[in-house]
Amino acid sequence: MVSLLDIIGPIMVGPSSSHTAGACRLGLLARCLVGGTPDRVRIELHGSFARTGEGHGTDKALAGGLMGFRPDDERIRTALEIAERDGLQYTFEKTTLAEELHPNSVRITVERGAHSHVMIGSSLGAGRVFITEIDGYPVEVHGNSHTIVLLAEDVKGSIARIAAILAEANCNIATLRLTRKERGGDAFMVIEVDEEPGENVRDDIRKLNWVRWTHRLDKVSA
Amino acid sequence: MFSSLTAAIREAESQNKSLGVLALETESRDQARPVQEIRDALARALKVMHSAIDQGLVGDLHSASGLVGGDAAKLHNGPAGPLSGTPFRDVLARALAVQEVNAAMGVIVAAPTAGGAGVLPAVLTGLAAARGIPDEQVITALATAGLIGAVVAERASLSGAEGGCQAETGAAAGMAAGAGTEMLGGSPSQVGHAVALAQQATLGLVCDPLGGLVELPCVFRNATGSAIALAAIEMALAGITFAIPADEVIDVMGEIGREMDVRYRETAGGGLAATPTGRRLAKERMVQIKRAGA
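All of these numbers come straight from a predicted model, not from anything done at the bench.

Undergrad: Would you mind showing me how to read the domain arrangement of chain A here?
TA: Size of an interface, as often reported, equals the accessible area lost when the parts are brought together. All names here are of chain A. The domain boundaries assigned to chain A delineate domain 1 (10-141) and domain 2 (146-217). Distance from the C-alpha centre of domain 1 to the C-alpha centre of domain 2: 25 Å. Of the residues lining the interface, 10 residues belong to domain 1; the matching set on domain 2 comes to 10 residues. By residue class, the composition of the side of domain 1 that touches domain 2 is seven nonpolar, one polar and two charged.

Undergrad: Which parts of the structure should I look at to understand the pairing of strand S6 (residues 128-134) of chain A?
TA: Within a regular strand, the side chains alternate between the two sheet faces. Residue and element names in this part refer to chain A. Two elements, strand S5 (residues 115-125) and S6, share six bridges in a ladder whose sense is antiparallel. What sits directly across from Ile120, in S6, is Glu133. Taking the residues that link successive antiparallel strands as the turn, the S5-S6 hairpin has two residues, and the phi of Ala126 there is positive, at about 55°. As judged from the three bridges shared by S6 and strand S7 (residues 137-141), these two strands associate in the antiparallel manner. Across the sheet, the residue bridging to Ile134 is Tyr137, located in S7. In sequence, S6 turns back onto S7 through a hairpin of two residues, with Asp135 there showing a positive phi of about 50°.

Undergrad: I keep staring at helix H10 (residues 188-201) of chain B and nothing clicks. Help me out?
TA: In an α-helix, one turn spans 3.6 residues; hence positions three or four apart end up facing the same way. Residue and element names in this part refer to chain B. For H10, which comprises 14 residues, the first-to-last C-alpha distance of 20 Å matches the rise-based estimate of 20 Å (1.5 Å per residue) to within 8%. Burial runs high along H10: 12 of the 14 residues are buried. Looking at H10, one finds that the buried residues are Pro188, Gln190, Val191, Gly192, His193, Ala194, Val195, Ala196, Leu197, Ala198, Gln199 and Ala201. Looking at the buried side of H10, the elements it contacts are helix H1 (5-15), helix H2 (19-31), helix H7 (135-155), helix H9 (169-183), helix H11 (218-237) and helix H12 (246-259).

Undergrad: Teacher, can you tell me more about the sheet that holds strand S11 (residues 211-217) of chain A here?
TA: Residue and element names in this part refer to chain A. Strand order in the open sheet formed by four strands is S9-S10-S8-S11, and the pairing between neighbours is antiparallel. Edge positions in the open sheet fall to strand S9 (173-180) and S11, since each of these has one partner strand only. Averaged over all adjacent pairs, the angle separating strand axes in this sheet is 10°, with direction ignored. Relative to strand S10 (residues 187-193), strand S8 (residues 146-152) runs antiparallel, the two sharing seven bridges. Counted as the bridge partner of Leu151 is Phe188 from S10. Packed on one face of the sheet, helix H7 (residues 199-207) meets S8 and S11 and runs near 170° to S11.

Undergrad: Which parts of the structure should I look at to understand the interface of chain A and chain B?
TA: Each partner contributes to the interface: chain A provides 28 residues, whereas chain B provides 46 residues. Those elements that provide at least two residues to the side of chain A that touches chain B are helix H1 (4-7), strand S1 (11-13) and helix H3 (48-52) of chain A. Split into classes, the residues belonging to the side of chain A that touches chain B amount to 12 nonpolar, 11 polar and five charged. In the sheet, S1(A) pairs with strand S1 (residues 107-109) of chain B via three bridges, with the strands oriented antiparallel. Bridge pairing in S1(B) places Ile11(A) opposite Val109(B).

Reading guide: rules and limits
Throughout, a residue's number is its position along its own chain's written sequence, starting from 1. Chains and ligands are labelled by the order in which they are written, letters from A for the one and numbers from 1 for the other. With pLDDT at 70 or above as the cut-off, local features in this predicted model cover only qualifying residues; side-chain atom pairs require 80 or more to be listed or tallied, and sums for whole chains, interfaces and linings still use all residues. For every domain, the bounds stem from an assignment made automatically or drawn from a database. With C-beta atoms placed from the backbone, a contact is any residue pair whose C-beta atoms sit within 7 Å. Under the grouping applied here, Gly and all other residues not named as nonpolar or charged are polar, the nonpolar ones being Ala, Val, Leu, Ile, Met, Phe, Trp, Tyr, Cys and Pro and the charged ones Asp, Glu, Lys and Arg. Paired strands are those between which DSSP finds at least two bridges. Secondary structure is summarised from DSSP: a helix means a run of H or I of at least four residues, a strand means a run of E of at least two, and numbering begins at the N terminus for each. A helix is expected to reach a length of 1.5 Å times the quantity of its residues less one. Every C-beta atom is placed from the backbone, and the number of other C-beta atoms within 10 Å of a residue's own sets its class: buried at 20 or more, exposed at 12 or fewer, partly exposed in between. To get an axis, a line is fitted to the C-alpha atoms, and for a helix only the part in contact is used. The angle between two axes follows their N-to-C directions and goes from 0 to 180 degrees.

This is the structure we're talking about:
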């Protein structure tokens with residue numbers, strides 16, 4: 001459903017909703033994987049991001065997002081200088097990821113402390129973004145809600161247990177998508193929630209011994 | 001939100017309210033948010049629009065490539081022309097101002113996109129200044145514009161990469177024409193004619209920016225798009241009607257966009273971007289951007 005505020009918005013640093021605002025939101029999502037500004041980041045630009053990204057400030061917007069700047073934050077203009085000053089080590093490369101990927105796509109590898117994660121995301125236009133892969137797992141995250149992604153062994157009552165953790169944290173589930181390749185195989189869950197789940201929610205989910213992998217991603221839309 | 005302007009006009013008329021008020025109530029229902037919260041968000045957008053215009057009119061901004069900048073100030077302060085002292089010239093200056101701010105990585109409101117962000121604020125704030133219209137009424141007009149944009153998003157596209165410039169500055173002109181008409185007292189059906197009159201004038205408009213950058217001709221297309229919107233408002237308020245309903249004009253815009261060659265959809269492969277001068281300038285300026293970034 002199209003919202004009025006999608007049409008009259010977002011409020012953003014120019015010049016391009018796809019190459020600047022969208023890029024910033026992809027940076028914000030990548031930052032979530034390590035729970036804060038990474039120490040080191042490798043950014044591989046694909047398609048139109050690689051071809052016209054520099055003229056659109058795509059590099060600055062990605063770096064800004066990785067440091068937690070929102071799309072309307074004027075610090076985006078000097079984000080590369082701020083990154084250097086604050087010790088965020090970054091590299092940009094031009095590459096060709098999968099053929100079928102959207103033309104505005106990027107692979108971001110973030111490192112913070114002992115943790116390292118990688119994500120592939122696309123900027124779809126008008127500032128909308130879409131994450132297609134995290135740590136090699138295929139996902140579908142739009143960043144329009146706070147989202148929890150997890151991979152779990154196919155145990156009975158798994159959804160009930162996760163739902164209970166969210167309920168205890170006072171988070172209402174908006175949507176839940178469960179996919180499983182085969183009976184008894186690992187189950188993949190993408191859960192969108194209305195309220196922001198705290199880091200403790202992710203940690204509680206991580207403690208479940210049948211959960212193999214989980215991440216918490218912020219809402220990055222307006 | 002609505003996917004048909006005809007349906008929205010019918011509903012507004014039957015309930016004896018403006019399209020702007022109908023848009024706010026519909027959004028409130030769709031998103032389960034109070035109307036005041038939506039008005040507050042639009043008020044924040046209007047504030048950013050004003051601030052972008054103020055920044056752009058000073059004329060000291062430079063885009064990444066240096067291809068655009070400083071022209072809003074020329075209209076604002078420069079030598080007189082036949083339209084000096086009219087809202088028309090002021091609206092053109094405001095449209096250039098917002099786009100120059102956008103090209104210089106300033107803060108703007110994508111309405112509907114960053115590339116077409118100059119038209120709506122220029123037309124609404126320019127006319128509001130000329131007629132002494134209070135902000136509250138401009139905010140309602142932004143809701144009218146949002147409704148029109150939502151119809152275009154549903155029926156056609158709001159992306160230059162999908163539908164050419166007719167889907168960006170063209171859609172912005174349609175939104176501004178309808179919203180401006182309502183803000184100046186036009187009826188819902190006059191809004192429909194204004195949208196159709198503006199949108200028909202931009203059918204087939206290609207997206208052909210030099211080097212793929214949101215600079216040239218984007219900045220100027222926002223000024224000319226505003227001029228089209230003003231023409232549509234003037235005609236609609238005079239009672240002129242356009243025989244093809246806005247929905248059908250929007251449908252045909254979508255159809256033309258789908259059939260438009262990829263060279264004309266934001267790829268810099270055709271149009272002005274592919275002219276000898278366009279190619280030369282893009283090449284020179286990209287080298288400059290790389291040097292500046294290194």
